[in-house]
There are 2 protein chains.
Amino acid sequence: MVARTRFDDAPCPVARSVDVIGDRWSLLIVRDAFDGSRRFGEFQRGLGIAKNILTARLRALEEAGVLHGTPAPDGAPHREYVLTDRGRALFPVIVALRQWGEEECFSPGEPRSRLLDRRTGRPLRPLEVRAADGRPVEPADTVVEKAEDGG
Amino acid sequence: MVARTRFDDAPCPVARSVDVIGDRWSLLIVRDAFDGSRRFGEFQRGLGIAKNILTARLRALEEAGVLHGTPAPDGAPHREYVLTDRGRALFPVIVALRQWGEEECFSPGEPRSRLLDRRTGRPLRPLEVRAADGRPVEPADTVVEKAEDGG
């Protein structure tokens, strides 16, 4: 493994999130877990990922408390994985990535998967960043207050 | 450089987003661009990143249309970088990562940076995933419709 810079003690919440799930495979594993994948083989087929990399990523996500692993009910050699409460709290992250991809990464008419409201079959509303009073805010309407230790 | 699996022709919008910005450094560069970093040295100091890696990531984000690079006004050797419209559209992604980090990655009372509404000085409202009719939706209320080509 290549050593990587860690952000698990950074004072910035974005950096800490990125430390846990900020790589391609982890984000796509979480996506597939939201879509119902549980078994090692399901993740592997869905992602086209090498088994050793998938094993390492699943273990890291389990250690980070994002996935909960249990022995497969049929005694298969690989564990099964479901999102914990902490993992389910990543739903807005995955939806935000999806909506940006829909808007910015496809040509008109190009086939794409869609995330639909089960009840109506309609796409979801775009995420809106809002102030505490409900006012929509743009990036320029916000400011980052550094942590007290200056980080 | 290690070759990596590409998702730039995947039918899933999450995968395409992840292909563009789904690595630690790219996400943190975009974060710092939202926070006002423009100059090479600002990104480098903020991230503690090696110059060659930063150069490569900035170039990739520029090629992806997320950042717009211009020659530094004072003739300095490095370009300056600002978010394009496409890059600014990543605001919900960064906010979602930040809010998950705030909720899930800090101990109570641990110092952290905060994203505040400039007008009121208050933290933003948590992002809410909603149906087209405004109803809040949980992951179980949604379903992914695969692309027509089966991807």
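Residues numbered from 1 in each chain as written. Chains lettered and ligands numbered in written order. Predicted model: local features only at pLDDT ≥ 70, side-chain atom pairs only at ≥ 80, totals over all residues. Heavy atoms only, no water.

### A word on the overall build of chain A
- Along its length, chain A carries six helices and four strands.
- Taken from the N to the C terminus, the helices and strands of chain A come in the order α-α-α-α-β-β-α-α-β-β.
- Principal axes of the C-alpha set define a box for chain A whose edges measure 55 × 45 × 30 Å.
- Within chain A, the proportion of its 151 residues that are buried is 48%.
- Long-range contacts, defined here as pairs at least 24 residues apart, represent 39% of the contacts in chain A between residues at least 6 apart.
- Carbon and sulfur atoms make up 49% of the accessible area of chain A, which amounts to about 7600 Å² in all.
- Side-chain charges of chain A comprise 24 positive and 24 negative groups, with the mean position of each set lying 6 Å from the other. (Helix = DSSP H or I, 4+ residues; strand = E, 2+ residues; numbered from the N terminus. Buried < 20%, exposed > 50% of the residue type's maximum accessible area, 1.4 Å probe, protein only. Contact = heavy atoms within 4.5 Å. Areas by Shrake-Rupley, 256 points an atom, 1.4 Å probe, with all protein chains shown as cover. Lys, Arg positive; Asp, Glu negative; His and termini not counted. Charge placed at Lys NZ, Arg CZ, Asp CG, Glu CD.)

### A look at the relation of the copies chain B and chain A
- Rotating chain B by 180° and translating it 0.0 Å along the rotation axis places it on chain A, where the RMSD comes to 0.0 Å. A rotation of that kind, with that shift, is consistent with a two-fold axis. For chain B, the residue whose C-alpha comes nearest the rotation axis is Asp23(B), separated from it by 2.3 Å. (Least-squares fit on C-alpha atoms with pLDDT ≥ 70 in both.)

### What to know about the packing of aromatic side chains
- Applying the stated criterion to the full structure yields four aromatic pairs over all chains.
- Measuring from ring centre to ring centre gives 5.4 Å for Phe7(A) and Trp25(B), while their planes differ by 85°; the resulting arrangement is edge-to-face. Placement of Phe7(A) in the segment before helix 1 (13–21) and of Trp25(B) in helix 2 (residues 24–34) is noted, with the two residues assigned to different chains. There is no split in this pair, since Phe7(A) and Trp25(B) are both buried.
- Judged by centre distance (5.3 Å) and plane angle (45°), the rings of Phe34(B) and Phe91(B) are tilted. Pair noted here: Phe34(B) is in helix 2 and Phe91(B) is in helix 6 (residues 91–104), with a separation of 57 residues, a long-range link. The pair formed by Phe34(B) and Phe91(B) is uniform in burial state, with each residue classed as buried.
- It is Arg16(A) that lies over the ring of Phe106(B); its NZ or CZ is 3.8 Å from the centre. (Phe/Tyr/Trp six-rings, centres within 6.5 Å; stacked < 30°, edge-to-face > 60°. Lys NZ or Arg CZ within 6 Å of the ring centre and 35° of its normal.)

### Side note on the interface of chain B and chain A
- Contacts between chain B and chain A engage 78 residues on the former and 78 residues on the latter.
- Between chain B and chain A the total buried area reaches about 7500 Å² when both faces are included, carbon and sulfur atoms providing 63% of it.
- There are eight salt bridges connecting chain B and chain A.
- For the salt bridge of Glu145(B) with Arg114(A), the shortest nitrogen-to-oxygen distance reads 2.9 Å.
- Counting every contact that joins chain B to chain A gives 34 residue pairs in polar contact (both at pLDDT 80 or more).
- Listed by contribution, the elements that provide at least two residues to the side of chain B that touches chain A are helix 1 (13–21), helix 2, helix 6, strand 3 (114–117) and strand 4 (142–145) of chain B.
- By residue number, the principal contributor to the side of chain B that touches chain A is helix 6 of chain B, which donates 12 residues. (Buried area = accessible area lost by both parts, 1.4 Å probe. Salt bridge = Lys/Arg side-chain N within 4 Å of Asp/Glu carboxyl O. Polar contact = N/O pair within 3.5 Å; in protein donor to acceptor, adjacent residues only side chain to side chain.)

Treat this as a map of the structure, not an account of what it does.
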